[in-house]
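Here is what each chain is made of, one letter per residue.
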Amino acid sequence: MGLKSAWTKLYQTLASVRTGIFFIIVVGIFSAIGTVILQRPTSEPGDLQRAYSPETLVWLDRLSLTDIFHAWWFLLLLTMICVCLIFVSADRWPNAWKLYTKPVRFASPSFRASLPQTVKFAVTDEAASLSVAESVLSRFGFRSERVTEDGATGLFAQKQRFSVFAVFIVHLSLLCIFAGYIVDGIVGYRGNIMVPEGQALGQITLRDNRGGQSKKTLPFLIRCDAAGEDTYADGSPKKWWSKLVLIEGGKEVAAKTIVVNDPFVYQGIRIYQSSMGQSGTPKTLTFAATPAAGGDVAMVEVPLNGKATLADGETLSVLRWVPDYYIQDNQVFNKSDDPENPAVQLGLTNAKGETKKLWILYSQLNSTKGQDAPFEFALKHATWAQFTGLEVSHQPGQFGVWFGVVLMAIGLLIAFYTQHSRIWAAIAVDDKGGNLLWLGGTTNKNRERFQAKFEQIKTALQDEFSKPAAGNDNKNEEKTLTKA
């Protein structure tokens, strides 16, 4: 019994509109706070550090106030709103469904007393008066049907009964919007990647709500075959573009040239063009080749991932490019991606397929002199590859959000511009035993508008009953109008 009582109390609490409004107000307050406090990861770490003292920033991060819209407690508040919407809708659905499928069709005497809009007309011919009422109601858009109960016949007419579902459509739209946002907050992500021309990368950089960074591996590689910028006649930038190829399982699975606001979408992952620039990776390197035995110096251009043929038939290739080198334990290592202090390892392959490895350390000698090779090479020039800055996002809940927005528009249109109006007509008896045509109606909203419509119907019925009786040429017999 205690468990049942606790469930009943919980059900009543969650099915209360007040509970839902409370959570909506709380979410609104924190959303407003989120527009005042700088939010990660959209704000740069430097901006946060300039805006808040170190102690304040620590507490803001600890309370997740610098990333409110992805905080677990904010998502929990949205979940509670969804739970309340479900309970509120479930509590009111049976009555709405009954009203839609099994409305009261015959106006019994006790039912007539509960209606806000009624009118009575004194009549002599019951069947004729019901026919007149049918005709008038049809004129005002009410398609009536005759209903018989306990030997008595009456009319029932209604229109726009689907409007009883407007509130449920709005509730469903809110559920879709909030559920989509919750899904994005839990499993969605947004990160950045910079891909130089000719390279294929598959890891994006994510920012967390504490200002740190992490890596996420995509289910495919992104290869940039070309990247560039179109400009106007005055030299100002017109658009950035990138020719991208996606590689999955070693195979090219999709390709597209993207520009700003035209993302590449694959398996629910969106790839946006966000920036453009010159990378620290060369497309080609040009070397001065001096024969060790003497002779003319030749300029040899070698693609970074290709080969060039020398005068004696040997081939030259770039085995390794180190943009910013340092030496430790006789090994060459890289300390940054900026070409501040480059080193190049060359491969010189003879006709027998034997490859000799040569190093050029640009800041020391810029030559392979003394490395026992038929040529001495010196780095003279480089053409640099562009890089494309891409924003990669996966937000599986967005479909739910947009579906909810469409539902919201439909629900609000129904709620604001339709109303479920019902009108009944029946034959009643007055205090003197005479017959009366009773007419009553109600609506679920816009009562003033319905009252005006009901007055028009009453006036039209009064005009019909005031016409001369058929077959009587000598006198006009007016029917008596009595207000309920």
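(A) Region of interest: the layout of surface pockets. Computed from the structure, the largest pocket encloses a volume of approximately 1,500 Å³. In terms of lining residues, the largest pocket is bounded by 50 residues, among which R190, G191, N192, T205 and L206 are the most central. Those elements that place two or more of their residues in the lining of the largest pocket are helix 8 (166-187), strand 4 (189-196), strand 5 (200-207), strand 6 (213-231), strand 10 (269-291) and strand 18 (375-394). Examining the composition of the lining of the largest pocket, we find that seven residues originate from one element, strand 4, more than from any other. Residues belonging to the lining of the largest pocket are distributed by class as follows: 16 nonpolar, 23 polar and 11 charged.

(B) Quick peek at the packing of aromatic side chains. With the rule as written, the count across this model stands at 23 aromatic pairs. Their ring planes at 80 degrees and their centres at 6.4 Å tell us that W73 and F74 sit as a pair that is edge-to-face. In this structure W73 comes out as buried when scored by relative accessible area, which is 17%. Accessibility expressed as a relative area gives 3% for F74, which makes it buried. Residues F220 and Y266 carry aromatic rings whose centres are separated by 5.5 Å and whose planes lie at 75 degrees to one another, so their mutual orientation is edge-to-face. Of this pair, F220 sits in strand 6 while Y266 sits in strand 9 (residues 264-266), and the two are 46 residues apart along the sequence. What makes F220 buried here is its relative accessible area of 2%. Y266 sits in the buried class, given a relative accessible area of 17%. An aromatic cluster of three or more residues is present, and its members are F30, F69, W73, F74 and Y181. Over the ring of W438 we find R112, and its NZ or CZ is 5.5 Å from the ring centre. The ring of Y100 is capped by R161, whose NZ or CZ atom sits 4.0 Å from the centre of that ring.

(C) Molecular detail of the side chain of Q39. Counting through the fold element by element, Q39 comes out in the loop between helix 2 (17-36) and helix 3 (45-51). At 3.4 Å, the side chain of Q39 and the backbone nitrogen of D67 are in polar contact. Here Q39 is in contact with G34, L65, T66, D67, I68 and F69, once residues within four sequence places are set aside.

(D) View of the pattern of salt bridges. In the structure shown here, the tally under the stated rule is 11 salt bridges. Residues E145 and R105 are paired through a salt bridge, measuring 2.5 Å at the closest nitrogen-oxygen approach. Linking E145 in strand 2 (residues 143-149) with R105 in the loop between helix 5 (72-101) and helix 6 (109-112), this pair joins segments that are 40 residues apart in sequence. Among the charged side chains, a salt-bridge network with shared partners connects R223, D225 and E252.

(E) Seen up close, the domain arrangement of the chain. Along its sequence, the chain is carved into domain 1 (3-99), domain 2 (103-160 + 419-476), domain 3 (184-279 + 388-407) and domain 4 (281-383). Taking the mean C-alpha position of each, domain 2 and domain 4 sit 100 Å from one another.

(F) Up close: helix 4 (residues 54-62). When helix 4 is considered as a whole, its buried residues turn out to be L57, L60 and D61. Across the axial projection of helix 4, the buried residues extend over an arc of 95 degrees, all falling on one side. In helix 4, the exposed positions angled more than 90 degrees off the buried face are occupied by E55 and W59. In this fold, the buried residues of helix 4 make contact with helix 3. Residue S64 follows helix 4 closely and has a positive phi angle near 60 degrees.

(G) Looking closely at the environment of A452. For A452, the location among the structural elements is in helix 10 (residues 447-465). The exposure class of A452 is partly exposed, given its relative accessible area of 42%. Along the primary structure A452 and N330 are separated by 122 residues, whereas in three dimensions their C-alpha atoms are 96 Å apart.

(H) Up close: the packing of helix 7 (residues 126-139) against helix 10. Two numbers describe how helix 7 lies on helix 10: the axes approach to 10 Å, and their chain directions differ by 135 degrees. Considering the angle they form, helix 7 stands oblique to helix 10. Between helix 7 and helix 10 lies a crossing whose hand is right-handed. For the pair formed by helix 7 and helix 10, the contact residues are S129, V132, A133, V136, L137 and R139 on the first element and I457, A460, L461, E464 and F465 on the second. Among the residues forming the contact of helix 7 with helix 10, the class breakdown is eight nonpolar, one polar and two charged.

(I) Focus on the sheet that holds strand 13 (residues 315-322). In spatial order, the strands read 12-13-16-17; together these four strands make up an open sheet with antiparallel pairing. Lying at the two open borders of the sheet, with one neighbouring strand each, are strand 12 (307-309) and strand 17 (355-361). Across the sheet, the mean angle separating the axes of adjacent strands is 25 degrees when strand polarity is ignored. Relative to strand 17, strand 16 (residues 343-349) runs antiparallel, the two sharing seven bridges. Residue pairing for strand 17: A343 is matched across the bridge by L361.

(J) Spotlight on the pairing of strand 20 (residues 435-443). Within strand 20, eight of the nine residues are buried, which leaves the element mostly enclosed by the surrounding structure. Of the pairings in the sheet, the one linking strand 1 (residues 117-123) to strand 20 comprises seven bridges and is antiparallel in character. Bridging across to strand 20, Q117 finds its partner in G441. Pairing of strand 19 (residues 421-429) with strand 20, which is carried by nine bridges, proceeds in the antiparallel orientation. Opposite A425, over in strand 20, you have L439 as the bridge partner. Counting the residues in the hairpin turn of strand 19 and strand 20 gives five residues, including G433, whose phi is positive at 90 degrees.

What counts as what
Residues numbered from 1 in each chain as written. Predicted model: local features only at pLDDT ≥ 70, side-chain atom pairs only at ≥ 80, totals over all residues. Heavy atoms only, no water. 1 Å grid on protein atoms, 1.4 Å probe; cavity = no way out; pocket = protein on both sides within 12 Å on 5 of 7 lines; lining within 4 Å. Points joined across faces, edges and corners; volume = space filled by probe spheres on them. Helix = DSSP H or I, 4+ residues; strand = E, 2+ residues; numbered from the N terminus. Nonpolar A, V, L, I, M, F, W, Y, C, P; charged D, E, K, R; others polar. Phe/Tyr/Trp six-rings, centres within 6.5 Å; stacked < 30°, edge-to-face > 60°. Buried < 20%, exposed > 50% of the residue type's maximum accessible area, 1.4 Å probe, protein only. Lys NZ or Arg CZ within 6 Å of the ring centre and 35° of its normal. Polar contact = N/O pair within 3.5 Å; in protein donor to acceptor, adjacent residues only side chain to side chain. Contact = heavy atoms within 4.5 Å. Salt bridge = Lys/Arg side-chain N within 4 Å of Asp/Glu carboxyl O. Domains from an automatic or database assignment. Arc of directions from axis to C-beta. Axes fitted to C-alpha atoms, helices over the stretch in contact; angles between N-to-C directions. Parallel < 35°, antiparallel > 145°, perpendicular 65-115°, else oblique. Left-handed = near helix turned anticlockwise from the far one by under 90°. Pairing = 2+ DSSP bridges.

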